[in-house]
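# Structure at a glance
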Amino acid sequence: MVVTEDDATDAVRHAADELVTFIAKSTGVTLPTASLPSDALPGGLTAIYVGFAGPSSHSALSGLLRRSVDDEYVIAPCDGTITIRGANEWGTLNGVYNFLERYVGVAWLMPTAIGEDVPQRSTISVSPRIVRSRPAFSQRMFSPLLAEPGTGGPYPAQYEWAQRNRLQGNYNKPVEFHHNLHTFFPVSRYGDRPDLYANGIVPASGVVTGWQPAFSNPETVDIVVDDILAMKAADPALRSVSLGVNDGAYTSYEIGKPIPETYYGWVNEVTSRVTAQHPDLKFGLLAYHELEVPPPFDLHPSVIPFLTEDRYAWVDPVTRQYREDQLLAWSQRATELGTYDYLYGSPYAVPRMYLSLLGEVYTTSHDVGVRYHYSELYPNWGEGPKPWVVSRLLWEPGADVTALVDEWCSRAVGDQAAASLSAYYRLWEDVWMTQISQSPWFIRRRTYQPFDSPSYLSSVDIATLDQAASLMDDVVATAETAPPAQRQRATTLARAHEYYDITARLYPRPVPVPGDTAAALELAQSVRDELPVREALVTRRADWLAEARTDPVLVQPLDPTRGGLTGLSAYNHYSVWALITFMRTHEPSGGEVTQWLSAHSDDHPSFTRLVNVITAALSPDANIFTNPGFEADFAGWATWVTDTGEFSISTTQSRSGNKSLQSVSVGRGGPIQPLAVGTGILASQFWVKADPGMGEASVQFALNLFNSANQRVGTVRGESLALRTLEGTWRPVTSVEEFAPPTDPARAVATAQFVPVLTGVPEGANVWFDDAEAIFVAS
């Protein structure tokens, strides 16, 4: 019999319901329930007390929980009773889930009933020993799985999965720490007080990013202290307040003030004054970008900095040593520490596996004193064991990662199919640990890796994709003999793999310019032969994404466009421009390749259109850009800058002619020119050169699309080029885009605004643009 108290909280009652539900799913028996003191307990039944100590509960319970931490729980059998009790209501819920895992064998591998692994039992045997468990990390959160189950939100099944795996949400997190200072200084209240804002710049009303308060103004301390004291008076149960800086504010701190010292000194003053009245309050914050370096003084003991970093970067030994040293330095300045990670499943387009490394990361972090953790996961459940394994490492960082992965795979698809599934994830782990980490996409010591650039896919060769597909095929075939639930999970994982496979195969990979006619003919033939296959992949990918939007498991919380995956098409722009370049050099007036293209142009409708573009590109007047080489200075061009830097015309650098467009110190910006297009194909390229030492700076091809009424109807983002790879030489950035007739005529493209995006150019560094080219052929 499952027994609760009459005044049990909703969370405890939910815990009791979950216990009854999953024992029934396992045994077919629905346990009776009772509530004390209202109900009399019949004899002959084992009472399972949920959330309190009942008659005959173990006498040691109160002592065991006296110095407990949030989410800790005890399972205590005694004298024919079992007591499951937590340090708080959420600890009780965690205790129930552990009871179901430990003694019934339940596992929640993925969201929805598909992910429930519930062994069928006729007997449940509970050890007489007391189980006491506390999490290694007091805070364990994955975004966006933060809503309390049953309260709404776009991912209800995923919220439930998170709670069942003993993760937390916004409803029960111990410490607030996110971007929050904008809440203390609303423009509606202080807009007439520029002295309260950094550099005297009052933000626009409603803008919560890109600015900070004036930390050097003592009145800002008074305002925040008064507000927090008022918050505590209104809500005596308040446990923590975030002093996290506003987001996107890397250049908006006070000019001339040392950022870490000024900010952390301000934090110490606020917390000292508040805790003088409320010593139990905690204050979280983000040690983010400029703030990741600890101050040269100790932080107040109530302050918990969350150190932000994509821990995947620890794959690089230099970065790992730097970050470990940084953790040690912080442990000397802060009494408690948190970490903020970027575990992203979506929008990455292949399984982002590095679980063995994460096991080491969490062990090291815990050893140094980290007790709070938050991850931006945005799960893609095709990553299989990743979320489940991480949830366990946050409870027990020293757990055997390999054993956990093997357990997940075995439970997911059965022992026979598990070998291929484990090999599938080991394959992707090897890709991320050895290939992608050595690619230009990877950036050392960066807060987060460039998830908005899909260029990591260049490191995933077709042989790897074939191997991964073969392993997943083996999983599905072998799981045919497994129980229905495992067959269904195998099918779900195969559907997730389909998206990875399609996207990675469509991603355009560089193709060298052919060196001779034979190589050019071979390239032309491969372009023709691949077109029907690639067109089918484009169609299937669009269908897959549409299906996934309503699938509670396959839905991607971060849209693939966030990962830069907007320009995938049937055309590999590298191949097209390689052919154009070859023919301009070797066959400007015709030749064997020209003849072959003409003879085969009708082999496939798409190939016909492509041959027309290649042929048009050989005409000297095909370029529809105005002033493509900036020889007439800015004629036809505009520039944009949203951060730092400026543009000018250079007469000292050019790829051809006498001039180019020069940018200096551009944090984010680029040149702009609208191109008149329509239904058809647009082949574009521009050339770029950069100073050495460009660090994280990049340039990404982009087109903003407008209809005939000048309404924006889409954006295409193409290649993102790491400028540090240029090594002082000119390189083209290319694209081939097809604008097909839309089902809605109002979305027909009439203008493509050429707008390459420079990002992160260091102070004083130069980037040059030259020889922009666009060939449009209507269809």
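Please read all numbers here as calculations on a predicted model, not as lab measurements.

## Regarding the pairing of strand β5 (residues 81-86)
Both faces of the sheet carry side chains from a regular strand, because those side chains alternate between them. For β5, the tally of buried residues reaches 5 of 6 residues, placing the bulk of the element in the interior. In the sheet, strand β3 (residues 47-50) pairs with β5 via 4 bridges, with the strands oriented parallel. Among the inter-strand pairings, I48 is bridged to a residue of β5, identified as I82. Here strand β4 (residues 73-78) runs beside β5; their pairing, made up of 6 bridges, is antiparallel.

## Section: the sheet that holds strand β22 (residues 731-739)
Pairing in this open sheet of 5 strands is antiparallel, and the strands run β16-β17-β25-β19-β22 from one edge to the other. Taken across any chain shown, the strands that pair with only one partner, and hence form the sheet edges, are β16 (646-650) and β22. With strand direction ignored, the average angle separating the axes of adjacent strands in the sheet is 30°. Looking at chain direction, β16 and strand β17 (residues 660-664) are connected through 5 bridges and run antiparallel. Bridging from a neighbouring strand, E646 pairs with V664 of β17. Across the sheet, helix α18 (residues 605-617) lies against β19 (680-690), β22 and β25 (766-778), angled at about 125° from β25, the strand it touches most.

## With respect to a negative patch on the surface
There is a patch of like negative charges on the surface, built from E5, D6, D7 and D39. By the element assignment, D6 lies in the loop between β1 (2-5) and α1 (10-27).

## So, the sheet that holds β4
Reading across the sheet, the 6 strands line up as β2-β1-β3-β5-β4-β8 and stay open at both edges, with mixed pairing between neighbours. A single partner strand is all that each edge strand has here, and the edge strands are β2 (33-36) and β8 (131-133). If you compare each strand with its neighbour and ignore which way they point, the axes differ by 20° on average. When β1 meets β2, the two strands line up parallel, connected through 4 bridges. Looking at β2, one finds that V3 is bridged to A34. Set on the sheet, α1 makes contact with β1, β2, β3 and β5; between it and β1 the angle comes to about 175°.

## Thoughts on the packing of helix α14 (residues 484-506) against helix α15 (residues 517-548)
Where α14 meets α15, the closest approach of the two axes is 10 Å, and the angle between their N-to-C directions is 140°. Here α14 is positioned oblique relative to α15, judged by the angle of their axes. Seen from above, α14 lies across α15 with left-handed handedness. Residues R495, A496, E498, Y499, I502, T503, R505 and L506 of α14 touch α15, and the partners they reach there are R534, L537, V538, R540, R541, W544, L545 and E547. Broken down by class, the residue content of the contact of α14 with α15 amounts to 8 nonpolar, 1 polar and 7 charged.

## Description of the packing of α15 against helix α16 (residues 573-586)
α16 packs onto α15 with a crossing angle of 145° between their chain directions and a minimal axis gap of 10 Å. Between α15 and α16 lies a crossing of left-handed hand. Facing α15, whose interface residues are T517, A520, L523, A524 and V527, α16 presents S575, A578, L579 and F582. Across the contact of α15 with α16, the residue classes tally to 7 nonpolar, 2 polar and no charged.

Scoring rules and cut-offs
Residues numbered from 1 in each chain as written. Predicted model: local features only at pLDDT ≥ 70, side-chain atom pairs only at ≥ 80, totals over all residues. Heavy atoms only, no water. Buried < 20%, exposed > 50% of the residue type's maximum accessible area, 1.4 Å probe, protein only. Helix = DSSP H or I, 4+ residues; strand = E, 2+ residues; numbered from the N terminus. Pairing = 2+ DSSP bridges. Axes fitted to C-alpha atoms, helices over the stretch in contact; angles between N-to-C directions. Contact = heavy atoms within 4.5 Å. Patch = residues over 30% accessible without salt bridge, like charges linked within 9 Å, V, L, I, M, F, W, Y side chains within 5 Å. Areas by Shrake-Rupley, 256 points an atom, 1.4 Å probe, with all protein chains shown as cover. Salt bridge = Lys/Arg side-chain N within 4 Å of Asp/Glu carboxyl O. Lys, Arg positive; Asp, Glu negative; His and termini not counted. Charge placed at Lys NZ, Arg CZ, Asp CG, Glu CD. Parallel < 35°, antiparallel > 145°, perpendicular 65-115°, else oblique. Left-handed = near helix turned anticlockwise from the far one by under 90°. Nonpolar A, V, L, I, M, F, W, Y, C, P; charged D, E, K, R; others polar.

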